[in-house]
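Below, each chain spelled out in residue letters.
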Amino acid sequence: MEKLDTPGAVRDLDERRLAGWSALVSAWFDRMIERTAGQVGGAGDVRFANPLRVAGPLTERRISWDAFPRPVKVRHPGDPAAARRAADEFRSLGDYYGVTFYAVRDGAAEEIVLLYRPQDEYCEWFVERDPATGRMARIVFTSEGHEYWRFLADGTAAFDVAEVPEEFRVDGDRVLLLRLYRELVGPQVRKKDLFFGTDIAYRREPGDPLQPFRKKGAYNPYNKWNTVAGLAHLTHPENSLHGEISLAAAASVPRAGADGSPVTDAGRLVCCAGLGDPNRSSDPTIVTDVNDLVRTGLSVTLRDPIGLYIASFDDAAVSGPDGEDVSSWWRPVRGTGGRTVRAEFAPPPGAAFGLDDVLVNGLPLEHGGQLAEVMTMSLFGAAADLGLGAPPPIPCDQRCCAADDNPDVLRLVPIGFECPDGWHSAFGQAAVVPPAGVANRAVRRAGLTA
Amino acid sequence: MTEPLLDLDDIQAHVLPGFGHEHQWLLGWRLPGDEPAGAARALLAELAGRITPARRGLADRAARRAVRRGRTARSRLSGRPATAVALSARTLRMLGHDELATIDEAFTAGMARRGYLRDPPPGDWTVGGPGREIDILVMTAGEDLERLAAAVEEIRAAAVRARCEPVHDQQGRRLPGDVEHFGFRDGISQPVLRGVVDADGTPLVERLPMPSMPDHRAYAGPGDVLVWPGQFLFGLPRQSETDPVRSAPARRAPGLARNGSLLVYRKLEQDVPGFRADTGRMAAGLGVDPDRLRAEMVGRWPDGRPLVRTDDATGAELNHFGYDTAVPAIPGGPRGADADPDGARCPLSAHIRKVNPRDQETDKGPPSATLTFAILRRGITYGVAGDGDCGLLFLCYQTDLVSQFELLAQRWAGSPDRPRQGLDNGVDLLIGRVRAGTARRARLLPGEVSTFADYVIPRGGAYLFTPSLSALRVLAA
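Residues numbered from 1 in each chain as written. Chains lettered and ligands numbered in written order. Predicted model: local features only at pLDDT ≥ 70, side-chain atom pairs only at ≥ 80, totals over all residues.

Student: What is the right way to read helix α6 (residues 174-184) of chain A from this model?
Tutor: An α-helix turns once every 3.6 residues. As a result, residues three or four positions apart point the same way. Within the sequence span of α6(A), burial applies to A:L177, A:Y181 and A:L184. All buried residues of α6(A) project into a common sector of 85° when viewed along the axis, lining one side. (Buried ≥ 20, exposed ≤ 12 C-beta atoms within 10 Å, placed from the backbone. Helix = DSSP H or I, 4+ residues; strand = E, 2+ residues; numbered from the N terminus. Arc of directions from axis to C-beta.)

Printed below as a string of structure tokens:
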């Protein structure tokens, strides 16, 4: 393999930019391999590979999870309707990072709120409504990470590209970006809506100095056509392609509990490694499946085209008001070769009834989340036997605490720390002091500057 | 953690511990168009004094076991039939209890509208189809068919007096050896409810000394996994998804729902000649013994021995095994058993792996979560194999239809790569349903098989609510 393809193998880029994209993703892999080497104590114990550099046959492994955000669901036990409403409520990106964002213009800073969706299983949706009637016109779903779109806007310069060779550094194609927005979201999208109109900065505490976040003119992934007025790509900070690679890399490290026994089950492992959100469907599933492969002596990577995919939609769940077949209303619209990164559910022209009349398992369609509940997401891992065997496990970095009033809600604490008030040890894991000299090697997924 | 007190005088015996009698009769009525609430109240008032509480159900079960073990004479069995009643969401609405009618959205919508079950069109149903929906279902059971028939006659007469329209009348009978019509022993693995039955803290089910198990679950005895009762009874602590031994707060529900449960009733017709012929064809194609192939579809031999175990398992050993981890020998009890994570001895598509993946991680998360999907099965066979209409009257209890029955029947049984992730192992060939006109396919040990035939055909049924005895009195008033 010479190049890594775009997510969904979409054909937006010219050859030069495609090579730039490939180099960028390859650089992320290399960075993760280096990080993993630091975790395990040497390159010899790394079992995560760059797909461009894997020799030998690869066996594909599909890893699947539910599209509806489990962190939202578990916070509304026994009340799916409330969970669907909550999944549709935008959240503040500043709250996510624990900062306040500011638009900085002529030296003056004005507080702003950047929004993201809490739909954090690598699947986000938007309900388009007819402005005249307010009735639902189309429900769109995406699994495209923000990175590809930032790349479209600003090329490799949108990222920290120290590892990207000079000859692969490319500029963006803002004409293409606008064209895609107009195709996918609507012709009303204006170019200036897609970019920050001022420098954007943030600070953690009121008295702190402002820290730069994005420059004026940089692509704004949280623009209105990707949040309150439309959907182009994922917005949740954890829903990123870089996050997928980071997670797979971190999951390639076998772990052992305080007693030295291997940590293998999904719940314990995602807590032990301190990866992502232990409440999600996706992260524990991905982590465990990758880890299983490594413990059997295989080396792992991600299958090209690397992406997060809308794998299936159970069309038996939807019907018209009198049982009419509406399965044809579901339509993949972006991605090739069965690798769907965007799909929509909408009535065909001339349909006798609209989305507001559709039933999902007998209940009126009111929220995009009802369709997400019958959707499955996937990524494609790949494994190769490079004859290296399984590496020795490393100790846990973190463990999970469960909420006393709802033990299905988990949070991470570092090893050696007690659970906060109102929380108890999940999985019967008591706080243990980490071995002397062992640094906390937990990997934070979504950094503020990533 | 302290286990809750189970009110054995308030919980219906059909929920706990189940009837277990040889004969059972199911009677269903639709409420009349005029004054449906009055009709419902009239019938419920007549039924209220007949409903069997859990305490009597447990005593009857103990007596039956004593008879079976030769410790007491059959004449000591109480001949009085046991009776239970369950109500549709429509009935609850008619009675002015919207809060109960909307207790679970699948219950509110009704089984006929749950498209993803991929059942035949409701218009083709013989039970609960359009215009024949079951609003009130009575299940009555006993050892003495004559006395049972007399009780059924009294209940029918009560329904006539109440002006309820009969829409269902179905007799069931346990087959010798508790097998279903394909010849396999059924009902071996059931969750065991946590809970105590008196102020002294006597557990509902006796706890045998058990070593720490590698799956981190708690067991009442070998193979008898303990589950918090809120999975099956409203108002009680439910099972934590993340910790196999801890409880979670009860599912939010109105006070009147306490000690009640959601009932799934499905009439599942079994095509016995079709099953034998089709599996015979598959076996011939693969060059294997048809009995072996059928056992792989089920995951057990007809007498209940699990394919996972390589020994001649008997008694508690039938349920003492895991998939991901080997189970240890229990001192003075069953022998240990090796694991079979990838389906080397029992295919991943086997029925018992599809609907109960035990200690194996699933697409829904860690094995602890699997405990929250368990159901209490109360089914009974009907008809005679080879004599036309025969099958299983599938009955099960839970407090969350989507996360329990529907997850097992729709998502796991009907998905080729679930519950075990990443491996396309095919569907559960016994009950898995796929898109009409599509072959059902499964990977068995000697190779892949596929068929367009359905051996188990859903003929309809209903989602119902089985109230507590105290709630029933309120509803009847």
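Text resumes after the structure shown.
Student: Sorry if this is basic, but what is going on with the interface of chain A and chain B here?
Tutor: By convention, interface size is frequently given as the accessible area that disappears when the constituent parts associate. On the side of chain B, 27 residues touch chain A, which itself brings 36 residues to the contact. Elements that contribute at least two residues to the side of chain A that touches chain B include exactly β1 (59-66), α3 (80-87), α8 (266-272), α9 (282-295), β13 (318-319) and β21 (406-414) of chain A. A per-element tally of the side of chain A that touches chain B places β1(A) first, with five residues. Among the residues forming the side of chain A that touches chain B, the class breakdown is 18 nonpolar, ten polar and eight charged. (Contact = placed C-beta atoms within 7 Å. Nonpolar A, V, L, I, M, F, W, Y, C, P; charged D, E, K, R; others polar.)

Student: Quick question: what am I supposed to make of the sheet that holds β21(A) here?
Tutor: The strands making up a sheet are joined through hydrogen bonds of the backbone, oriented either antiparallel or parallel. Residue and element names in this part refer to chain A. Here three strands make up an open sheet; going across it, the order is β21-β20-β22 and the pairing antiparallel. The open sheet is flanked by β21 and β22 (423-425), the only strands paired with a single partner. Averaged over all pairs of adjacent strands, the angle between their axes in this sheet comes to 40°, without regard to strand direction. Examined bridge by bridge, strand β20 (residues 398-403) and β21 share six bridges and lie antiparallel to one another. If you follow R399 over to β21, its bridge partner there is V413. (Pairing = 2+ DSSP bridges. Axes fitted to C-alpha atoms, helices over the stretch in contact; angles between N-to-C directions.)

Student: Looking at this structure, how should I read the nonpolar core?
Tutor: Soluble globular proteins tend to bury their nonpolar side chains together. Formed by 240 residues in total, the largest nonpolar core has its most connected members in A:A248, A:V287, A:M377 and B:L137. It is helix α1 (residues 15-40) of chain A that contributes the most residues to this core, ten residues altogether. Residue-level mapping places this core at the junction of two domains, with at least three residues from each of domain 1 (23-178 + 257-263 + 462-476) and domain 2 (266-460) of chain B. Apart from the residues lying within four places of it in its own chain, the contact partners of B:L137 are B:L26, B:G28, B:A86, B:Y265, B:A462 and B:L464. (Core = buried A, V, L, I, M, F, W, Y, C linked by C-beta atoms within 7 Å. Domains from an automatic or database assignment.)

Student: Help me out: how do you make sense of helix α11 (residues 402-412) of chain B in this one?
Tutor: Residue and element names in this part refer to chain B. Counting buried positions over the eleven residues of α11 gives ten, a clear majority of the element. Burial in α11 covers these residues: S403, Q404, F405, E406, L407, L408, A409, Q410, R411 and W412. Elements that come into contact with the buried residues of α11 comprise α5 (105-109), β10 (261-270), α9 (351-355) and β13 (391-398).

Student: Whenever I open this one, the environment of A:P165 confuses me. Can you help?
Tutor: Residues and elements named next belong to chain A. Summarising the element assignment, P165 is placed in the loop between α5 (146-154) and α6. Assessed through the 11 C-beta atoms surrounding it within 10 Å, P165 is described here as exposed. Taking the C-alpha atoms as reference points, P165 and A27, 138 residues apart in sequence, are found 9.0 Å from one another.

Student: Would you mind going over unusual backbone geometry with me for this structure?
Tutor: A negative phi holds for most residues other than glycine; trans holds for most peptide bonds. Note the cis peptide between A:D304 and A:P305, where omega equals 0°. You can see A:P305 is positioned in the loop between β11 (299-302) and β12 (309-313). The backbone of B:H216 sits at a positive phi, close to 70°, despite the residue not being glycine. Mapped onto the secondary structure, B:H216 falls in the loop between β5 (192-193) and β6 (219-221). Residue classification places B:H216 among the partly exposed positions, given that 19 C-beta atoms sit within 10 Å. The backbone of B:R358 shows a phi angle near 55°, a positive value even though the residue is not glycine. One can find B:R358 in the loop between α9 and α10 (367-370). Under the C-beta neighbour-count criterion, B:R358 is labelled buried, with 23 such atoms within 10 Å.

Student: Would you mind showing me how to read the pairing of strand β15 (residues 447-451) of chain B here?
Tutor: If a strand is regular, its side chains alternate between the two faces of the sheet. Residues and elements named next belong to chain B. Relative to β15, strand β14 (residues 440-444) runs antiparallel, the two being bridged by five bridges. Paired with L444 across the bridge in β15 is G447. Remark: two residues form the turn of the hairpin made by β14 and β15, two consecutive strands paired antiparallel.

Student: Please clarify how the packing of helix α1 (residues 36-48) of chain B against helix α6 (residues 145-161) of chain B should be interpreted in this entry.
Tutor: Residues and elements named next belong to chain B. Their axes nearest at 8 Å, the elements α1 and α6 cross at an angle of 150°. It follows from the interaxial angle that α1 and α6 lie roughly antiparallel. The chirality of how α1 crosses α6 is right-handed. When α1 is examined against α6, the residues A42, L43, E46 and L47 are found in contact with a partner set consisting of A158, A159 and R161. Taken together, the residues that form the contact of α1 with α6 break down as five nonpolar, no polar and two charged. (Parallel < 35°, antiparallel > 145°, perpendicular 65-115°, else oblique. Left-handed = near helix turned anticlockwise from the far one by under 90°.)

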